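Residue-level listing of the chains:
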Amino acid sequence: MVVKVYGSSFASAKRVLLCLVEKGIEFETVPVDILKGEHKDPEYLKLQPFGVVPVIQDGDYTLYESRAIIRYYAEKYKSQGTDLLGNTIEERGAVEQWLEVEAQNFHPPIYNLVLHALFSDKMGFPADAKVIEESEKNLGKVLDIYEERLSKSKYLAGDFFSLADLSHIPFTNYLCAMGKMHLIEERKNVSAWWDDISCRPSWKKVLEL
């Protein structure tokens, strides 16, 4: 059964696509145009009652929230493709810890930065320079902690690529479009980590979709 991924053009859905490619799982994409309000369509709301992307349909199983989806597939197909969870319970704990760090500490400032610096015009509201400034400052503080962590291991959860790293890729990629790559490049260890994870064949494939 081919997995259907709804809203595949958006960064959160690309998180799911990355996981599926790493695991070698066959999928097809279903476009959802948020700018046209398709995420509020009654049929879509039957799949995702909060009206956001992504959603997956896997046979008769439906799941939303991108981090829940990648955890699901990493566990369901643990022995297939890239192992994204670690080999021990301690490694799994570290993966889960850094997934939470990404969701709770990294994502809020980079999301606000992307929203105001890249998409405000398309979404019909004025960019707020103060929000951009504060978001960049807060993201820098988070990346300072990453710099320290990545001085001790190649990847966030240890010396293995995992969901913790994968989950950062789609939104971090926007920094280039915003001219904010200095946030990465001025931190040696973060820069080496980004060069590594952004060059993975899975990400290149997702960008080609």
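Look above for the structure.
For the structure given in this document, a descriptive report is provided here. (Residues numbered from 1 in each chain as written. Predicted model: local features only at pLDDT ≥ 70, side-chain atom pairs only at ≥ 80, totals over all residues. Heavy atoms only, no water.)

### Here we look at the pattern of salt bridges
- Scanning the entire structure with this criterion turns up 15 salt bridges.
- Where arginine 92 meets glutamate 75, a salt bridge forms, and the shortest distance between an N and an O atom there is 2.7 Å. On the criterion of sequence distance, the pair formed by arginine 92 in helix α4 (residues 89-118) and glutamate 75 in helix α3 (residues 66-76) is long-range, its members being 17 residues apart.
- The exposure class of glutamate 75 is partly exposed, given its relative accessible area of 40%.
- Here glutamate 148 and lysine 152 are joined by a salt bridge, their closest N and O atoms 3.4 Å apart.
- Accessibility expressed as a relative area gives 61% for lysine 152, which makes it exposed. (Salt bridge = Lys/Arg side-chain N within 4 Å of Asp/Glu carboxyl O. Helix = DSSP H or I, 4+ residues; strand = E, 2+ residues; numbered from the N terminus. Buried < 20%, exposed > 50% of the residue type's maximum accessible area, 1.4 Å probe, protein only.)

### Regarding the packing of aromatic side chains
- Evaluation of the coordinates by the stated rule reveals 11 aromatic pairs.
- Measuring from ring centre to ring centre gives 6.3 Å for phenylalanine 50 and tyrosine 64, while their planes differ by 75°; the resulting arrangement is edge-to-face. With phenylalanine 50 in the loop between α2 (42-47) and β3 (55-58) and tyrosine 64 in strand β4 (residues 61-64), this residue pair connects regions lying 14 residues apart in the sequence.
- On the basis of relative accessible area, phenylalanine 50 is assigned to the exposed category, the value being 58%.
- In this structure tyrosine 64 comes out as partly exposed when scored by relative accessible area, which is 27%.
- Three or more aromatic residues joined by ring pairs make a cluster, and in this case those are Tyr61, Tyr72, Tyr73 and Tyr77.
- Above the ring of phenylalanine 161, the side-chain terminus of arginine 200 is found at 3.8 Å from the ring centroid. (Phe/Tyr/Trp six-rings, centres within 6.5 Å; stacked < 30°, edge-to-face > 60°. Lys NZ or Arg CZ within 6 Å of the ring centre and 35° of its normal.)

### Examining the sheet that holds β3
- Pairing in this open sheet of four strands is mixed, and the strands run β2-β1-β3-β4 from one edge to the other. For this open sheet the edge positions go to β2 (27-30) and β4, each flanked by a neighbour on one side alone. Averaged over all adjacent pairs, the angle separating strand axes in this sheet is 20°, with direction ignored.
- Pairing of β3 with β4, which is carried by four bridges, proceeds in the antiparallel orientation. Bridge pairing in β4 places glutamine 57 opposite threonine 62. (Pairing = 2+ DSSP bridges. Axes fitted to C-alpha atoms, helices over the stretch in contact; angles between N-to-C directions.)

### What to know about the nonpolar core
- Tyr146, Leu163 and Leu175 are the most contacted members of the largest nonpolar core, which totals 56 residues.
- Beyond its immediate stretch of four places on either side in the chain, leucine 163 contacts Cys19, Ile70, Arg71, Ala74, Leu84, Leu85, Val95 and Leu99.
- If you look at the next biggest cluster of nonpolar residues, it comprises six residues, including Tyr6, Val32, Leu47 and Val55. (Core = buried A, V, L, I, M, F, W, Y, C linked by side-chain atoms within 4.5 Å. Contact = heavy atoms within 4.5 Å.)

### What about the pairing of strand β1 (residues 3-6)?
- Note: β1 against β2, four bridges, orientation parallel. What sits directly across from valine 5, in β2, is threonine 29.
- Judged from the three bridges that link them, β1 and β3 form a sheet pairing that is antiparallel. Of the residues in β3, the one forming a bridge with lysine 4 is glutamine 57.

### Observations concerning the environment of proline 108
- Among the structural elements, proline 108 can be located in helix α4.
- Counting along the chain gives 88 residues from proline 108 to leucine 20, while the straight-line C-alpha distance between them is 24 Å.

### Quick word on the packing of helix α1 (residues 11-23) against α3
- The interhelical angle for the contact between α1 and α3, taken along N-to-C directions, is 5°, at an axis separation of 9 Å. As far as their axial angle goes, α3 and α1 are roughly parallel. Residues Ser12, Arg15, Val16, Cys19, Leu20 and Lys23 of α1 form the contact with α3, whose participating residues are Ser66, Arg67, Ile69, Ile70, Tyr73 and Ala74.
- Broken down by class, the residue content of the contact of α1 with α3 amounts to seven nonpolar, two polar and three charged. (Parallel < 35°, antiparallel > 145°, perpendicular 65-115°, else oblique. Nonpolar A, V, L, I, M, F, W, Y, C, P; charged D, E, K, R; others polar.)

### Comments concerning unusual backbone geometry
- Between valine 53 and the following residue, proline 54, the backbone shows a cis peptide bond with an omega angle of 5°.
- Of note, proline 54 is situated in the loop between α2 and β3.
- Despite not being glycine, glutamate 65 shows a phi value in the positive range, around 80°.
- Summarising the element assignment, glutamate 65 is placed in the loop between β4 and α3.

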